[in-house]
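Residue-level listing of the chains:
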2 protein chains.
Amino acid sequence: MSGLDYETLNENVKKVAYAVRGELYLRASELQKEGKKIIFTNVGNPHALGQKPLTFPRQVVALCQAPFLLDDPNVGLVFPADAIARAKHYLSLTSGGLGAYSDSRGLPGVRKEVADFIERRDGYPSDPELIFLTDGASKGVMQILNSIIRNENDGILVPVPQYPLYSAAISLFGGSLVPYYLEETANWGLDINNLREAVTQARYKGITVRAMVIINPGNPTGQCLSAANLKELLQFCFREKLVLLADEVYQQNIYQDERPFISARKILFDMGPPMSKGVQLVSFHTVSKGYWGECGQRGGYFEMTNIPPQTVDEIYKVASISLSPNVPGQIFLGLMVNPPKPGDISYLKFATESKAVLESLRRRAHIMTDGFNSCKNVVCNFTEGAMYSFPQILLPRKAIEAAKKAGKVPDVFYCLKLLEATGISTVPGSGFGQKEGVFHLRTTILPAEEDMPAIMASFKKFNDAFMEQYEDHGGYSRM
Amino acid sequence: MSGLDYETLNENVKKVAYAVRGELYLRASELQKEGKKIIFTNVGNPHALGQKPLTFPRQVVALCQAPFLLDDPNVGLVFPADAIARAKHYLSLTSGGLGAYSDSRGLPGVRKEVADFIERRDGYPSDPELIFLTDGASKGVMQILNSIIRNENDGILVPVPQYPLYSAAISLFGGSLVPYYLEETANWGLDINNLREAVTQARYKGITVRAMVIINPGNPTGQCLSAANLKELLQFCFREKLVLLADEVYQQNIYQDERPFISARKILFDMGPPMSKGVQLVSFHTVSKGYWGECGQRGGYFEMTNIPPQTVDEIYKVASISLSPNVPGQIFLGLMVNPPKPGDISYLKFATESKAVLESLRRRAHIMTDGFNSCKNVVCNFTEGAMYSFPQILLPRKAIEAAKKAGKVPDVFYCLKLLEATGISTVPGSGFGQKEGVFHLRTTILPAEEDMPAIMASFKKFNDAFMEQYEDHGGYSRM
């Protein structure tokens, strides 16, 4: 046996499950290689589905990559003056341009811009020394979980359904996922009683619950947490001494006006002491979502609140092992938190482009939810925020039996059939967690708006035929 | 106690030591904030010390960031035609440009270019499916070590002195570092007897040695391994069933003609079966070193040889958790392995720029080694390759006592004094490991060539005064 033989690998590596790029994705990739047209709705990857990048930030980063252009007499023919000025600004924050490692926490000047953004957003000052830039938010989440988890008796409260980054990272670091169920019938709301019960059950099994994850707006569930809900859960963290990990990467993706995004940090500070001094909070954000969708650039940050300095030093030390997050991604993050302002040459274009993306996403959220709800045996909450629909599929007993015969989990069976019939690549609900005996799938709301009616029609055609094929009046999964 | 209190953190996180950005770096950063001019030679970060990026790759990546320029009638005024063509080529390899996540292993088209490069280099075909792109080589090393290490009884053979990425990552994943000493008196050569002894000693302690790291050319030691040496150590890995991790990130940084870089993979295949089928090998490369020095872009790859497909699947799965390496870094990697060719418009400029960097590095390697050897109580092997000098400092007994009194490891004491006196920020040898009772420091050879004589003069002035101050005829560290 040699060190990289499967049998001898780190068991935690083997335990990891990551459905977003799991069986469905692999099958979709195969079909694509065979020449079939695939609509990848498995990952929130807007540019892959045709969303165009915002022009101004791309101009700035292009100029930062090509600093020799700044002295070129023709540069003004292809770049606006404010992009040139911003490129000079960001280059002045580096020590050696985009090709030099930054500090392992990211460029101090960009961290300052992030702190200013947070202060404007929440109305409370933020300290750049407590902001670390990362290669996308996922890397930050992994770093924090790795710091917290010591062994399999350390539990992390994770909403179910959840984004599988959390289950995967907790497996990798050898901890225990402690699920708390979101209420599908209350539009995926968070019921504090479910939290209490989850902690009680975990303790009964000998697990020390050490942290709690919220995803707000929700992935895959799309809900926006209310101020009252956030307050309740912060009180819960205070009482139970839990670190709150607030995954707020979809904070710009809001598709209704009743429940705007409010950060966990703002609510915490609104509550004042002892709460505001007593809850350890780490908040995450990214350039991959919002109306930016710059996934491939890998830019993100986390901000720490009430984390002891000695711990911050440890997190800094571990970040240093891989030297620095990629610097272009840091510039994108700077631009995201400090976009063009009214009066700037590029402001109007920037505002028009961003508004168009957000408004189209809002329309697509409606088209998709309505589409799902028009299908036989499919019910779907409205996507209040984020980028996903998570319809429940009420599978007939016969379909469940057919899945078992095929050796598949029922929702995997359904999603594979959907993929083969329509080319739509989704992720089965079992990859996110769901209550026993109910089934879902996740799609992004990202296909181009003009393609959306055809996609939903194709989905409906497949689904309704599937339901007819397996209908047996023997009951459904949910009932 | 809450989850991120220092006392309750993951012990492996606390155990990590990372000297390259440790006490010396933190003190240097403080001094810089206070207005002192610091020469950062602690990290191999060429652009931070004035090395200019190569023009062609920056033009290509700038155009990929600003694809709207490709339709601009004025683009030809600021970009050459071959850069425009290459930008179109790389954009065609993405699905959605630089803003879309790629496959978690990296863009298939770039992995194909890497495979072609490896085949040209070694004379043996390479399979793109066994090449994974990463955010710099460090991330790849961490991923592989994480897959191998199960617990503290799993040992990894690491050269000492070593690059602290290895010790840090092994601590983080909870394994055991098994040191094998390089021979300073044989120009840091690898003596196979030291390897055998290291394994025997580890076994005696109950450790299963599972993998072996080589850094070729050496960091911090600068040696280039000979074909005969590589053959010996591959035979050793075969017999002992060790995975060989070949850190070959400095393969373009060679400063003598006697010992060109040869990859471990080429030697392995030259040996034929059963060797060539029997040794599990993972080789690492990067855009951060060579004459590129594009550290901030975070581009790298690893190639797997003789790794079972089931293991490759596991590594793929874990890579998927953070979705994809940054895409601009992948394009840099493509450009590195597929640079302009004779006849291309940009060839001459590219060749001139790269040659100038390499020739200057070669001259600097000589200036630095000669400079160190001209100092009192300093002896230094010539930097055959990589980017570092690793002089031994023969500390007088009195200096060692003064260090103890100050509560410092003797080489840390020396390097701190050097920093305060001259602004030169180095890394003490103890951060890399060294034999008991001998002391070193590491500097990069990266300060600008024109600054080099002044830096070495400033070093000599400090060192010789230090030696005089502590001289007591009571003997030296090494003797």
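Rules and cut-offs
Numbering of residues starts from 1 in each chain and follows the order in which that chain's sequence is written. Chains carry letters from A onward and ligands carry numbers from 1 onward, assigned in written order. The predicted nature of this model means local features are confined to residues of pLDDT at least 70 and side-chain atom pairs, given and counted, to a pLDDT of 80 or more, with totals for whole chains, interfaces and linings taken over all residues. Values shown for side chains rest on all heavy atoms present in the structure; no hydrogens or waters enter the calculation. UniProt positions are given in the numbering used here, feature names are shortened, and annotations may be inferred rather than shown by experiment. Numbering of helices and strands runs from the N terminus; a helix is a DSSP stretch of H or I covering at least four residues, while a strand is a stretch of E covering at least two. Computation of the radius of gyration draws on C-alpha atoms, with the globule rule given as 2.2 Å multiplied by the number of residues to the power 0.38. Throughout, exposure labels follow a simple rule: accessible area from a 1.4 Å probe, protein chains only, divided by the maximum for the residue type, with under 20% read as buried, over 50% as exposed, and the rest as partly exposed. Contact between two residues is taken to exist if any of their heavy atoms lie within 4.5 Å; hydrogens are not considered. Only the protein chains shown count as cover for residues, and the accessible areas themselves come from Shrake-Rupley with a 1.4 Å probe. A pair of strands counts as paired when DSSP detects no fewer than two bridges linking them. When the copies are overlaid, the least-squares fit takes in C-alpha atoms only where the residue has pLDDT of at least 70 in both copies. By definition, the buried area sums, over both parts, the 1.4 Å-probe accessible area that each loses when the two are put together. Salt bridge, as used here, is a side-chain nitrogen of Lys or Arg placed within 4 Å of a carboxyl oxygen of Asp or Glu. Fitting a line to C-alpha atoms yields each axis, with helices limited to the stretch in contact; the angle taken between N-to-C directions then spans 0 to 180 degrees. Here a pair means two rings of Phe, Tyr or Trp (six-membered ring of Trp) with centres within 6.5 Å. Their orientation is stacked below 30 degrees between planes, edge-to-face above 60, and tilted elsewhere. Only when the NZ of Lys or the CZ of Arg is both within 6 Å of the ring centre and within 35 degrees of the ring normal is a charge said to sit over the ring.

Per an unreviewed UniProt entry, chain A is named Alanine aminotransferase 2, and its organism is Acorus calamus. UniProt annotates chain A under Cofactor (unreviewed entry) with the comment "pyridoxal 5'-phosphate". Turning to chain A, the UniProt annotation filed under Sequence similarities (unreviewed entry) states: "Belongs to the class-I pyridoxal-phosphate-dependent aminotransferase family. Alanine aminotransferase subfamily."

Undergrad: Is there a simple way to explain the overall build of chain A in this structure?
TA: When helices and strands are counted, chain A shows 18 helices and 14 strands. Taking 23 Å as the expected radius of gyration for a compact globule of 479 residues, we find that chain A reaches 23 Å, a close match to that expectation. Taking the principal axes of the C-alpha coordinates as reference, chain A spans close to 75 × 60 × 55 Å. Relative to its full complement of 479 residues, chain A shows a buried share of 66%. Here the contacts in chain A between residues at least 6 apart in sequence split such that 73% fall between residues at least 24 apart. When the accessible surface of chain A is totalled, it reaches about 16,600 Å², and 54% of it is carbon and sulfur.

Undergrad: What should I look at first to understand the sheet that holds strand 13 (residues 427-428) of chain A in this one?
TA: Picture the strands of a sheet paired through backbone hydrogen bonds; they go either parallel or antiparallel. Residues and elements named next belong to chain A. Taken in spatial order, the three strands of this open sheet run 10-14-13, and their pairing is antiparallel. With partners counted over all chains shown, the strands left at the sheet margins are strand 10 (388-389) and strand 13, one partner each. Note that strand 13 and strand 14 (residues 441-444) share two bridges and pair antiparallel. What sits directly across from V427, in strand 14, is R442.

Undergrad: Hey, could you run me through helix 8 (residues 165-172) of chain B in this one?
TA: Structural remark: α-helix, 3.6 residues per turn; residues separated by three or four positions point the same way. All names here are of chain B. In terms of burial, helix 8 is a largely internal element, seven of the eight residues being buried. Those residues of helix 8 that fall on the buried side of the exposure criterion are L165, Y166, S167, A168, A169, I170 and L172. G174 occupies a position one or two residues after helix 8 and carries a positive phi of about 80°.

Undergrad: What's the story with the relation of the copies chain A and chain B in this structure? I'm lost.
TA: Mapping between the two copies of the chain is achieved by a rotation about an axis and a shift along the axis. Take chain A, turn it by 180°, move it 0.0 Å along the axis, and it overlays chain B with an RMSD of 0.0 Å. Between the two chains, the operation in question is that of a two-fold axis. Every residue of chain A has its C-alpha some distance from the rotation axis, and the shortest such distance is that of A62 of chain A, at 2.1 Å. The fraction of interface residues of chain A whose copies in chain B are also interface residues reaches 100%, indicating that both copies meet through the same surface.

Undergrad: Looking at this structure, how should I read the interface of chain A and chain B?
TA: Interface size is commonly expressed as the accessible surface area that is lost when the partners come together. Counting residues at the interface gives 94 residues for chain A, matched by 94 residues for chain B. Looking only at chain A, the three residues that lose the most surface to chain B are L4, Y101 and I321 of chain A, adding up to 11% of its buried area. Scanning the region where chain A abuts chain B turns up two salt bridges. With a closest N to O distance of 3.4 Å, K139 of chain A and D135 of chain B form a salt bridge.

Undergrad: Help me understand the sheet that holds strand 4 (residues 176-181) of chain A, please; the structure alone is not making it clear to me.
TA: Residue and element names in this part refer to chain A. The seven strands are arranged 2-8-7-6-5-3-4 in an open sheet whose pairing can be described as mixed. Because the sheet does not close on itself, it has two edges, and the strands there are strand 2 (131-134) and strand 4. The mean angle between the axes of side-by-side strands here comes to 20°, regardless of whether they run parallel or antiparallel. Sheet contacts for helix 10 (residues 227-240): strand 3 (154-160), strand 5 (208-215) and strand 6 (243-247); angle to strand 5, the most-contacted strand, approximately 160°.

Undergrad: What is the right way to read the packing of aromatic side chains from this model?
TA: Aromatic rings considered in pairs are described by the distance between their centres and by the relative angle of their planes. Residue and element names in this part refer to chain A. Counted under the stated rule, the structure contains 32 aromatic pairs over all chains. Where F390 meets F432, the ring centres are 5.6 Å apart and the plane angle is 85°; that geometry is what we call edge-to-face. Separated by 42 residues along the polypeptide, F390 in the loop between strand 10 and strand 11 (392-393) and F432 in the loop between strand 13 and strand 14 bring together distant segments of the chain. For the ring pair Y414 and F466, a centre distance of 5.0 Å and an interplane angle of 80° mean the geometry is edge-to-face. Of the two residues, Y414 sits in helix 17 (residues 410-422) while F466 sits in helix 18 (residues 452-470), which places them 52 residues apart along the sequence. Neither Y414 nor F466 differs from the other in exposure class; each is buried. A network of ring pairs unites the aromatic residues F413, Y414, F462, F466 and Y470 as a single cluster. The lysine or arginine in question, K14, covers the ring of Y6, its NZ or CZ lying 4.4 Å from the ring centre. The ring of Y316 has R105 sitting right over it, with the charged end atom 4.1 Å from the ring centre.

Undergrad: Any chance you could explain the side chain of S324 of chain B here in plain terms?
TA: Within the fold, S324 of chain B resides in the loop between helix 13 (309-321) and helix 14 (327-337). Taking the relative accessible area as the measure of exposure, S324 of chain B reaches 4% and is therefore buried. If we skip the residues at most four places from it in the chain, S324 of chain B touches R298 of chain A together with Y101, S102, D103 and S104 of chain B.

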